[in-house]
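# Working through the structure, step by step
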Amino acid sequence: MANINEKVLYPVILEPEENDVFVQVPDIKGGYTQGKDTFDAIEMAKDVIGNLLEDISPENYPKASDPKNIKLEKGQQLVYVDVDMREFKRKYPRTVRRNVTIPEYLNVMAKNNKINVSKVLSEALENKLVK
């Protein structure tokens, strides 16, 4: 279960255009995207929020605006979009290069059996650390 402070909820402005829906996340710098329709626009909003907050620690996430302070223009609608940042990072993980030391015989056996050691290590760490 994710920590409550790893879940975010932001007001998002949707504006239908000719062939798509323009998306603006006013509280996050660079928070613009678009979708084919309203459903796709909301999914794209989740994606842009997740990507823009990915490298920020939860205590530094931008504060969500009070919807009363957001001025909508004709044709725009305000919706709330939530993102569980822990799940987002799990779904779209970045990889890092890391040196590990294993016994030579295990390395030989892994090569002979075409086992991806990085994948096995990642799965083992996830099983051990993510509950």
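Described below are features of the structure shown in this document. Not measured: the values here are computed from a predicted model. (Residues numbered from 1 in each chain as written. Predicted model: local features only at pLDDT ≥ 70, side-chain atom pairs only at ≥ 80, totals over all residues. Heavy atoms only, no water.)

So, about the pairing of strand S3 (residues 32-35). Only one face of S3 is buried, namely the one carrying Thr33 and Gly35, since none of Tyr32 and Gln34 on the opposite face is buried. The pairing of strand S2 (residues 21-24) with S3 spans 4 bridges and is classified as antiparallel. The residue bridging Gln24 from the neighbouring strand is Tyr32, located in S3. (Buried < 20%, exposed > 50% of the residue type's maximum accessible area, 1.4 Å probe, protein only. Helix = DSSP H or I, 4+ residues; strand = E, 2+ residues; numbered from the N terminus. Pairing = 2+ DSSP bridges.)

Turning our eyes to something else, we now look at the sheet that holds S3. A sheet is described by the order of its strands in space; here 4 strands give the open sequence S3-S2-S1-S4, paired in antiparallel fashion. Two strands in the sheet have a free side with no partner beyond their single neighbour: S3 and strand S4 (77-84). Each strand of the sheet is rotated relative to its neighbour by a mean of 35°, with strand direction disregarded. Bridge count between strand S1 (residues 7-16) and S4: 8 bridges; the pairing is antiparallel. For Ile13, the partnering residue across the bridge sits in S4 and is Leu78. Relative to S1, helix H1 (residues 38-53) is tilted by about 135°, and along the sheet it contacts S1, S2, S3 and S4. (Axes fitted to C-alpha atoms, helices over the stretch in contact; angles between N-to-C directions. Contact = heavy atoms within 4.5 Å.)

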